[in-house]
Each structure stands twice: as C-alpha cells, then as structure tokens.
Amino acid sequence: VDGQRSRYKGFWFKPEFITASEAIRAHYKPLPSDIILASFPKTGTTWLKALTSSILRHSSTTHSDHDHLDHLNPHEVVPFLEIEVFGENPSKEITEISSPRVFNTHLPLSFLPETVKTSGCRVIYITRHPADTFVSLWHLYNNKFGTEISIREAFDEFCKGLVPAGPYFEHVLEFWEARDRVLFVTYEDLKAKPEENVRKIAEFLGCKTMVEKVVKDCSFENLRNTSKERGEGVHWSGTKYDMFFRKGVVGDWKNHLTQEMMKELEDLADLKWRGSGLDLNIFNTTASQ
Ligand code: A3P
C-alpha cells in the first residue's frame, strides 16, 4: 500500500528493514534475560508493549532493576526495526541497553538469529484474526496516506501478502510452529480474559506482578488518553502515536468486509495452515460463557 517494499526470504519489507534484519542476525546475541515482543503489524503490538513494561515495573521480583523502564510509554520499547537506532552494526547499541533488554519486532522468526530459539530468551508473539488485522491496517494507511486504493484492492494485496511484514499467514505460522518456546497470545483472548493473560505473561517472564493494576493501566482508554496527553508524538516509522489507538475492539471487520471476503480469508487459512494444527478457531474465545 505504501510502495517501496522488497521481498526477502518470502516476506515483504522496506529495503532498510531488510538491511537491519541482516545486521541483527549477524550481531545480536540473545541473552537469557532478553524479552522479545514479536507481532505482525496491527495485531496488538502496542498493547503487548505496554503490558510488558507495566508487568515488569510492577513486578515484585527484586533481583533485577527495572528503573530504566519507568519512563517508557508503549512506543518506546526499543524496536528491532529501528535502523536509526541500531545502524549497520548494532552490537554496541544493543550491548549498552540495561537488563532486561526488551525488544519488539515485526520480523518473522526466521529473520531472527537461530540462537533466539536456544538462548533461553523469552519470546512473546501476539496475533489477531486476519479480518480485524486487515481492517486495522486499512484504517492506518487511510489515515497516514489518504485513500489511494479501494478497500477491495487493499484486501487483495493483504491476501497476496503484499503488506509490510506480509504475508500474514506465513508470519503467524512461523511463531505457531515454535510455540513450545514462544508464548503465543491472541488479541481476542487478551481482550476477553485480560487478567488471565497478564498472569500468564508475568509467569512466562518469571515474575509476579500487580495483575489488576497492569490491566487497568493498559486499558485501551488509558493508553489512548495517555498518548493524547503527551501530545503530537510521532513514532519513528512516521505514524503519529494516537494512530495506534483507533477502536480497540474485536469484530470490527463486520463493518467493512463482506461475507465473501471473510470466506476468502477462511479459505486462505485452510490452505496455508493445513496440517499445522493452526486454524482460525484460535481466535474464538469462550470468556463470556
Ligand atoms: P484497531 O485499529 O482495530 O482499533 P498495533 O499496536 O499492533 O499497531 O495494533 C493496533 C491495534 O491495537 C489497533 O486496533 C488499536 O486500536 C488496538 N489497541 C491498541 N491498544 C489497545 C488496548 N490497550 N486494548 C485493546 N486494543 C488496543
């Protein structure tokens, strides 16, 4: 949608992110205390970032120092893709971050160093139903660039994988296949059972936290208001901070997509996830029962 993307190892990224990912693969040596928040764009990245920094800040674990996280807003967890920060040789900058180092990335698992899987570092992957993911992306691009193409054309591009970090289905599948080492969280489940998920994330990170406080502090309204109060900040990717908070609900696709479009997504999921044990039912939640 925004042009200027190249295909690399099956995924679409801006050329500078590809260079950055090569540098990360060459120079980044994960530590057991590292935390990597991974996601496909628009699946709840900002929420997971806020939750993670809040969980750590309200952790009763005394042995590690989380003071450096105090000033963070959800957008300031050090991003992997921030080539301006890490440059061509990121090893120095990465080494200088104090522990625990919290990264976030939209890179697929296969773009990260192999040692991410063996170093003992914690990887949390958040994902979301492709229909709502697409609708969120569609709104972001409309906001940022104006409506240059129709929603139907944008939807076709999403299905073909021609979006940043696309294709969606392969991205999710990579992390799903590593789920014995990766904590796999869905936006829908987080929305339905926030306390349970915060407890699970804290446990995965090896700490006890103030679950209710974390959930409240990171509610959609709270994060959106905080972002507003802080004024017109712009994320390094050029997105205004307030654009990360739009509607924050499950099922907005119904206001934008036809049943046929949904069927197309279901067919794609069937085709691309066949045999993996992964299907769109992971986005169903039983919380209200
Ligand atoms: P919508 O556009 O559907 O509202 P990302 O952070 O990966 O870019 O994802 C952005 C999406 O997460 C947006 O979805 C945004 O509104 C939603 N979001 C952000 N913070 C949230 C929160 N605290 N609770 C629920 N949804 C949130």
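Attention here is on the structure that accompanies the text. Note that the structure is a prediction, hence the values are computed from the model and not measured. (Residues numbered from 1 in each chain as written. Predicted model: local features only at pLDDT ≥ 70, side-chain atom pairs only at ≥ 80, totals over all residues. Heavy atoms only, no water.)

Within the protein chain, the secondary structure is distributed over 12 helices and 7 strands. The buried share among the 289 residues of the protein chain stands at 51%. Pairs at least 24 apart in sequence give 77% of the contacts found in the protein chain among residues at least 6 apart. Of the roughly 13400 Å² that the protein chain leaves accessible, carbon and sulfur atoms contribute 50%. (Helix = DSSP H or I, 4+ residues; strand = E, 2+ residues; numbered from the N terminus. Buried < 20%, exposed > 50% of the residue type's maximum accessible area, 1.4 Å probe, protein only. Contact = heavy atoms within 4.5 Å. Areas by Shrake-Rupley, 256 points an atom, 1.4 Å probe, with all protein chains shown as cover.)

Let us now look at the pairing of strand β6 (residues 122-127). The element β6 is extensively covered by neighbouring structure, given that 5 of its 6 residues are classed as buried. In this structure, strand β3 (residues 35-39) lies alongside β6, joined through 5 bridges in parallel fashion. By the bridge assignment, Ser-39 is partnered in β6 with Ile-126. The pairing of β6 with strand β7 (residues 182-186) spans 5 bridges and is parallel. Bridging from a neighbouring strand, Thr-127 pairs with Thr-186 of β7. (Pairing = 2+ DSSP bridges.)

As a further point, take helix α1 (residues 15-27). Every α-helical turn comprises 3.6 residues, leaving residues that sit three or four positions apart pointing alike. For α1, which comprises 13 residues, the first-to-last C-alpha distance of 19 Å matches the rise-based estimate of 18 Å (1.5 Å per residue) to within 8%. Buried within α1 we find Phe-17, Ile-18, Ala-20, Ser-21, Ala-23 and Ile-24. (Expected span 1.5 Å × (residues − 1).)

So, on to the pattern of salt bridges. With the rule as written, the count across this model stands at 9 salt bridges. Of the charged contacts, one joins Asp-34 and Arg-101 as a salt bridge, the two residues approaching to 2.7 Å between their closest N and O atoms. Of the two residues, Asp-34 sits in the loop between α1 and β3 while Arg-101 sits in the loop between α4 (91-96) and β5 (102-105), which places them 67 residues apart along the sequence. A salt bridge links Glu-170 to Lys-272; the nearest nitrogen and oxygen atoms lie 3.2 Å apart. With a gap of 102 residues between them, Glu-170 in helix α7 (residues 168-177) and Lys-272 in helix α12 (residues 259-273) connect regions that are remote in the sequence. Judged by its relative accessible area of 30%, Glu-170 is partly exposed. One salt-bridge network, held together by shared partners, links Arg-152, Asp-156 and Glu-264. (Salt bridge = Lys/Arg side-chain N within 4 Å of Asp/Glu carboxyl O.)

What follows deals with the nonpolar core. One finds Leu-257, Leu-265 and Trp-273 to be the most contacted residues of the largest nonpolar core, which totals 53 residues. For this core, the element with the most residues is helix α5 (residues 130-145), which contributes 7 residues. Ignoring anything within four residues of it in the chain, the contact list for Trp-273 reads Tyr-168, Phe-169, Val-172, Leu-173, Leu-268, Leu-278, Asp-279, Leu-280 and Phe-283. The next biggest cluster of nonpolar side chains, apart from the first, holds 27 residues, and it includes Ala-50, Ile-126, Ala-202 and Val-215. (Core = buried A, V, L, I, M, F, W, Y, C linked by side-chain atoms within 4.5 Å.)

On to the packing of aromatic side chains. Taken as a whole and assessed by the stated rule, the structure comprises 17 aromatic pairs. Consider the rings of Phe-13 and Phe-111, whose centres lie 5.5 Å apart with planes at 50°: the pair is tilted. Here Phe-13 is found in strand β2 (residues 11-13), whereas its partner Phe-111 is found in the loop between β5 and β6, with 98 residues between them in sequence. Taking the relative accessible area as the measure of exposure, Phe-13 reaches 2% and is therefore buried. With relative accessibility at 0%, the residue Phe-111 sits in the buried group. A centroid spacing of 6.3 Å and a plane angle of 40° characterise the contact between Tyr-168 and Trp-273, whose relative ring orientation is tilted. Taken together, the positions of Tyr-168 in helix α7 and Trp-273 in helix α12 put the pair 105 residues apart, joining distant regions of the chain. The exposure class assigned to Tyr-168 is buried, which follows from its relative accessible area of 1%. Taken together through their ring pairs, the aromatic side chains of Phe-40, Phe-134, Phe-155, Phe-158, Tyr-168, Phe-169 and Trp-273 make up a single cluster. Here the basic side chain of Lys-9 rests over the ring of Phe-111, its NZ or CZ set 4.9 Å away from the ring centre. Taking the ring centre of Tyr-187 as reference, the NZ or CZ of Arg-128 above it sits at 3.9 Å. (Phe/Tyr/Trp six-rings, centres within 6.5 Å; stacked < 30°, edge-to-face > 60°. Lys NZ or Arg CZ within 6 Å of the ring centre and 35° of its normal.)

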